[in-house]
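Structure assessment
These are the residues of each chain, in order.
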Amino acid sequence: MTTGLSPEGTATATAAIGALIRGHRLRIGLTQRELADLSTISVRAIRDLEKGKALRPRADTVRLIADGLRLGPRARAGLEEAVRRGHQGGAGRHLLLERCAPPVPLHPMIGRQAEAAVLAEELRSGAERIVTVVGLRGVGKTRLALETAARLHDAGLPVLWHTAPGAASDCLPADGDPLAALVTACAAHLHLPDHPAAPRHDAETGTGPSHAPEPSYVAEPSYVPELASVPGPSSGREAAARSPYGSGDRDGQPPAELLAALGDRDALLVLDGVDCARLDFARLSRLLRELPGLRVLVTADTPWNVPGERLFLLAPLDVPHPGGTPSADTPAVRFLLSRIRRVRPDIVADERSLADVARVAHGLDGHPLALAAAASWLTVCDLPTLRGIVETDPAPLLDHLADGTSGSHLRDGVTRTLAGLPAGPRDLVARLCAAADADFDLDEVVRLTGRPLPDCGRMVRALLIGGVIRPSADHGRSAFRLLRVVRALAATPPAPVTEPAPASAPAVAAPAAA
């Protein structure tokens, strides 16, 4: 005997209740306020019922509404039957939500425990409802999101996971996700239609005056109150059309099936690898208001720059101090050793090899994708040779010998990030590339650019958000370092379009004997 409905069945039953009440109300010419007065039910409750948000209305509520609508026996029986169907679907809905788990990571997480704990607590407590994790491509944003989602799922939150088409994924989809189609529909609902996005103002990403209009925040009733913190323009529809955050007056009703499936329950929606410029903030605002327990975790190359966004900058893994004693517990060293074991299990982490591993990890700034690519070269060279190539010119090592797409992903990511920088930060990168490969601080930026200190602070912040520099504490002071991956790729000319000649590999030594 069937005792529950699918999410689609639950949504259909819930929508049927709302449609019946609204139909009966309009047939006799009542407003929601008038029906509320006649039935002694609040206007909000009637509105929620008609929208399909109230999934399990009580019997006395249905009786009072039926009395207020002056329903006859047949119409009253039809309404009660619709309510019974909604009640039957409730238990099934919660069982399906319990099965909504995040994808399964293929590899253990290394060195991100602190970041995962902070993200999980902020999202679990509801202190943050929109979190965007940004960083250079390949830095580990998806892996951090997987760990955060797993912790929230263990805490009882269903996880709705969407990976953008074309995004790199190092995980296995959850087995038999019952709401996979619904998550896909939700992601499509949150995407803007195909039209050019408005340019972003330099105040968000760089310095200097801008002739582009300020981002428009349309004061729509559907916005979440705590998110509508920036005043909107007086021109409603025209400003909405210009806004990169979407328009609240379009057909932006969230999918009824999603509202029915989640209701007022806490849940996490993950949008992995999305282009924030293609997301509709107006629709997300309405979704967050309709679903008060929903949290949204986004991983992207660039921030969204919308009200209420919690920007989480993800730097590469911590690297060992170049002058200190190398330790296998340093996150970047642990990560590189884990990749080396897959390629050369004969390499033992003794004092000599650990020193080479530490220098490679430091030379590649702890960037996980770069470290994985460098480890693949140990099939054709030994550790001292690998260290020498990293210290001389690491650019060739960024092409993974076994995975030909890794190098292109990293190169494309660096190229896109540099191209997307405003003129000031982009000029600063060029000056840093021309200078010595060393740490720099704000005073050095002032000297290099001749710009005022506030402008220099904004430029450094833009480079941190883009992931092309990382904080450095090698010398015990507040300083930064341009990633050697960025330095190497910025100095590498684009490959010619002609038929390639046989590539000359870097001089390598024979693999060390086991």
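Note: the structure precedes this text.
Notes on the structure in this doc start here. (Residues numbered from 1 in each chain as written. Predicted model: local features only at pLDDT ≥ 70, side-chain atom pairs only at ≥ 80, totals over all residues. Heavy atoms only, no water.)

**Some details on the packing of aromatic side chains**
The geometry of two aromatic rings is summed up by the distance between their centres and the angle between their planes. Just so we agree on the cut-off: Between rings of Phe, Tyr and Trp, where Trp is taken as its six-membered ring, a pair exists when centres lie within 6.5 Å; planes separated by under 30 degrees are stacked, by over 60 edge-to-face, and by other angles tilted. Helix and strand labels come from DSSP, where a helix needs a run of H or I of at least four residues and a strand needs a run of E of at least two; each type is numbered from the N terminus. Whether a residue is buried, partly exposed or exposed follows from its accessible area with a 1.4 Å probe, protein chains only, as a fraction of its type maximum: under 20%, in between, or over 50%, in that order.
Counted according to the given criterion, the structure contains two aromatic pairs. Arranged with centres 6.0 Å apart and planes meeting at 90 degrees, the rings of Phe 281 and Trp 304 form a pair that is edge-to-face. One end of the pair, Phe 281, is in helix α12 (residues 281–290); the other, Trp 304, is in the loop between β6 (294–300) and β7 (309–313), and 23 residues separate them in sequence. For the residue pair Phe 281 and Trp 304, the accessibility class agrees, reading buried in each case.

**Some points on unusual backbone geometry**
A positive phi angle, near 60 degrees, is found at Asn 305, a position not held by glycine. In this structure, Asn 305 sits in the loop between β6 and β7. Within the chain, Asp 365 stands out as a residue other than glycine whose phi angle is a positive 60 degrees. By secondary structure assignment, the location of Asp 365 is in the loop between α14 (351–363) and α15 (368–376). Asp 365 gets classed as buried once you look at its relative accessible area, which sits at 2%.

**A look at the sheet that holds strand β2 (residues 130–134)**
The test is simple: What makes two strands pair is DSSP finding at least two bridges between them. For every element, the axis is a line fit to its C-alpha atoms; helices are fit only across the contacting stretch, and the angle between N-to-C directions ranges from 0 to 180 degrees. Every residue pair with non-hydrogen atoms within 4.5 Å of one another is taken to be in contact.
Across the sheet, five strands lie side by side as β3-β5-β6-β2-β7; this open sheet has parallel pairing. At either end of the open sheet lies a strand with only one pairing partner, and these are β3 (159–163) and β7. If you compare each strand with its neighbour and ignore which way they point, the axes differ by 15 degrees on average. The sheet contact formed by β2 and β6 spans five bridges and is parallel. Across the sheet, residue Val 131 finds its bridge partner in β6, namely Leu 297. Against the sheet, α12 contacts β2 and β6, and its axis sits at roughly 150 degrees relative to β6.

**What about the environment of Arg 25?**
Its location among the elements puts Arg 25 in helix α1 (residues 7–27). The sequence separation of Arg 25 and Ala 66 amounts to 41 residues, and the corresponding C-alpha distance is 10.0 Å. The residues touching Arg 25, leaving out its near neighbours within four places in the chain, are Leu 30, Thr 31, Gln 32, Leu 35, Glu 50 and Leu 69.

**Digging into a nonpolar patch on the surface**
Here is the rule we go by: Patch definition: residues with relative accessible area over 30% and no salt bridge; like charges joined within 9 Å; nonpolar side chains (Val, Leu, Ile, Met, Phe, Trp, Tyr) joined within 5 Å. Note on areas: these come from Shrake-Rupley sampling with a 1.4 Å probe, and a residue is covered only by the protein chains present in the view. One speaks of a salt bridge when a side-chain nitrogen belonging to Lys or Arg is within 4 Å of a carboxyl oxygen belonging to Asp or Glu.
A surface patch of nonpolar side chains, amounting to about 250 Å² of accessible area, comprises Val 104, Leu 106 and Leu 172. Topologically, Val 104 is positioned in strand β1 (residues 104–105).

**Things to note about the pairing of β6**
Judged by how many residues are buried, β6 sits mostly within the fold: seven of seven residues are covered. Here β6 shows a buried face lined by Leu 294, Val 296, Val 298 and Ala 300 and a second buried face lined by Arg 295, Leu 297 and Thr 299. Alignment of strand β5 (residues 267–272) against β6, held across six bridges, turns out to be parallel. Paired with Leu 268 across the strands is Arg 295, a residue of β6.

**Some thoughts on the environment of Val 468**
When you line up the elements, Val 468 lands in the loop between α20 (453–466) and β8 (469–472). When the C-alpha positions of Val 468 and Leu 483 are compared, they lie 5.9 Å apart, and in sequence the two are 15 residues distant. Look past the residues within four positions of Val 468 in its chain and what remains in contact with it is Thr 417, Leu 418, Val 429, Leu 463, Arg 481, Leu 482, Leu 483 and Val 486.

**Looking at the packing of helix α2 (residues 32–39) against helix α4 (residues 59–68)**
To keep it simple, the criterion reads: Note on angle classes: values under 35 degrees are labelled roughly parallel, values over 145 roughly antiparallel, values of 65 to 115 roughly perpendicular, and the remainder oblique. In this scheme the handedness of a crossing depends on how the near helix is turned from the far one: anticlockwise by less than a right angle means left-handed, clockwise means right-handed. Note on residue categories: nonpolar means Ala, Val, Leu, Ile, Met, Phe, Trp, Tyr, Cys or Pro, charged means Asp, Glu, Lys or Arg, and polar means any other residue, Gly included.
At their nearest, the axes of α2 and α4 sit 8 Å apart, and the two run at 110 degrees to each other. Of the possible angle classes, the one that applies to α2 and α4 is roughly perpendicular. As α2 runs across α4, the sense of the crossing is right-handed. The segment α2 lies against α4, with Leu 35, Leu 38 and Ser 39 engaging Leu 64, Ile 65 and Gly 68. For the contact of α2 with α4, a count of residues per class yields four nonpolar, two polar and no charged.

**A short note on the pattern of salt bridges**
Inspection of the entire model under this criterion finds 27 salt bridges. With its nearest N and O atoms 3.8 Å apart, the salt bridge here joins Arg 470 to Asp 318. With Arg 470 in strand β8 and Asp 318 in the loop between β7 and α13 (331–343), this residue pair connects regions lying 152 residues apart in the sequence. For Arg 470, a relative accessible area of 8% puts it in the buried group.

**Observations concerning α14**
Stated formally: Each residue after the first adds 1.5 Å to the expected span of a helix.
If you check α14, its first and last C-alpha atoms are 18 Å apart, about what 13 residues at 1.5 Å a residue would give, namely 18 Å. Within the sequence span of α14, burial applies to Ser 353, Leu 354, Asp 356, Val 357, Ala 358, Val 360, Ala 361, His 362 and Gly 363. Here the buried face of α14 lies against α13, α15, α16 (383–392), β9 (479–482) and α21 (484–490). Asp 365 lies just past α14 and shows a positive phi near 60 degrees.

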